[in-house]
Amino acid sequence: MERTLKEDGKFRFIEIGEGTPIVILHGLMGGLSNFDGVTNFFPKEGYKVVLPELPLYTNSILKTNVKAFAKFVKDFIDKRGYNKVILLGNSLGGHIALYFAKMYPEYLQAMILTGSSGLYESAMGDSYPKRGDYEYIKKKAQDVFYNPDIATKELIDEVFATVNDRMKVIKTITIAKSAIRHNMSKDLPKIKVPTCLIWGRNDKVTPPEVAVEFDELLPDSDLYWIDECGHAAMMEHPDQFNELLNAWFIKRNIK
């Protein structure tokens, strides 16, 4: 399916299909292509799939934080005139979705989190990527997945370019600090939005116990596991991810 990047004012995004919008929020090192499985599947099920480019590296430093990104998503939804959206977030994208749910619950019909940050931040690892060390970056990228082959050379090159761009490094560290500052543990019990948690059993970035804690703290959540799967379930097992999510939509009558 063709992926045409549309522009509307300051927003750049992909939009496919008709129906209730599933607005997808990508992670820190995640591109829009990470969600190809979702983008191919759900328009056929009667949903509009929307992937906005988040301004992770284009906002000013003062607006490089979880709260500002959630406001950006609200502005995007307002600009497009969507009504009652479903938010799907991976990693940092999940954290932005959670903050959005805290600030603007009236916009949401449902939320899907996979490998979400917001409770436990180790996405950066113990040390920030060594610039110029390609093998280190390769290992870090492979660690995101259960099957290291998912980390293609193209993906590793992209991460390598990011960590060797001084301004992007500064923004990445700023975002990481913001994620730690905006820990959601006290907010989760107040977030009443129906939430589907889909987690890789072998996620090293946001380990399985994080998913269990999300499930315990969120008042209206269902947790599903994917075996032999790391931090990006929608990339590593797209068919199983789509089946689980579609079954949840049917169970919860979310259309």
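Quick caveat, the model's predicted, so the values are computed rather than measured. (Residues numbered from 1 in each chain as written. Predicted model: local features only at pLDDT ≥ 70, side-chain atom pairs only at ≥ 80, totals over all residues. Heavy atoms only, no water.)

To continue, consider the sheet that holds strand S4 (residues 47-52). A sheet is described by the order of its strands in space; here eight strands give the open sequence S1-S2-S4-S3-S5-S6-S7-S8, paired in mixed fashion. Bordering the open sheet on either side are strand S1 (6-8) and strand S8 (221-226), each of which pairs with just one other strand. In this sheet, neighbouring strand axes are inclined to one another by 25° on average, regardless of whether the strands run parallel or antiparallel. Sheet analysis places strand S3 (residues 20-25) next to S4, joined by four bridges and oriented parallel. Paired with Pro21 across the strands is Lys48, a residue of S4. Relative to strand S2 (residues 11-16), helix H2 (residues 66-80) is tilted by about 60°, and along the sheet it contacts S1, S2, S3, S4 and strand S5 (85-90). Set on the sheet, helix H9 (residues 238-252) makes contact with S3, S4, S5, strand S6 (108-114), strand S7 (195-200) and S8; between it and S8 the angle comes to about 160°. (Pairing = 2+ DSSP bridges. Helix = DSSP H or I, 4+ residues; strand = E, 2+ residues; numbered from the N terminus. Axes fitted to C-alpha atoms, helices over the stretch in contact; angles between N-to-C directions. Contact = heavy atoms within 4.5 Å.)

Next up on the list: the pattern of salt bridges. Oppositely charged side chains may form a pair once their charged atoms are brought near each other. Under the counting rule described, the total for this entry stands at 17 salt bridges. Between Lys71 and Asp75 there is a salt bridge; the shortest N-O distance is 3.0 Å. Taken together, the positions of Lys71 and Asp75, both in helix H2 and four residues apart, correspond to about one turn of that helix. For Asp75, a relative accessible area of 21% corresponds to the partly exposed category. Close ionic contact of Asp143 with Lys139 constitutes a salt bridge, the shortest N to O distance being 2.8 Å. (Salt bridge = Lys/Arg side-chain N within 4 Å of Asp/Glu carboxyl O. Buried < 20%, exposed > 50% of the residue type's maximum accessible area, 1.4 Å probe, protein only.)

Take the packing of aromatic side chains next. Under the definition given, this model contains 14 aromatic pairs. Between Trp199 and Phe214, the ring centres sit 5.8 Å apart and the planes meet at 45°, which makes this aromatic pair tilted. Here Trp199, found in strand S7, pairs with Phe214, found in helix H7 (residues 208-217); they are 15 residues apart in sequence, far enough to count as distant. Given the relative accessible area of 0%, Phe214 is considered buried. Ring pairs connect the aromatic residues Phe11, Phe13, Phe72, Phe76 and Tyr82, which therefore count as one cluster. (Phe/Tyr/Trp six-rings, centres within 6.5 Å; stacked < 30°, edge-to-face > 60°.)

Right, let's talk about H9 for a bit. Look at H9: 21 Å from first C-alpha to last across 15 residues, which is about the 21 Å you get at 1.5 Å a residue. Taken together, the buried positions of H9 are Phe241, Asn242, Leu245, Asn246, Trp248 and Phe249. Along the axis of H9, the buried residues cluster in a sector spanning 155°; they form a single face. In this structure, H9 carries Asp239, Glu243, Ile250 and Lys251 as exposed residues pointing more than 90 degrees from its buried face. The positive-phi residue at the C-terminal boundary of H9 is Asn253, with phi of around 55°. (Expected span 1.5 Å × (residues − 1). Arc of directions from axis to C-beta.)

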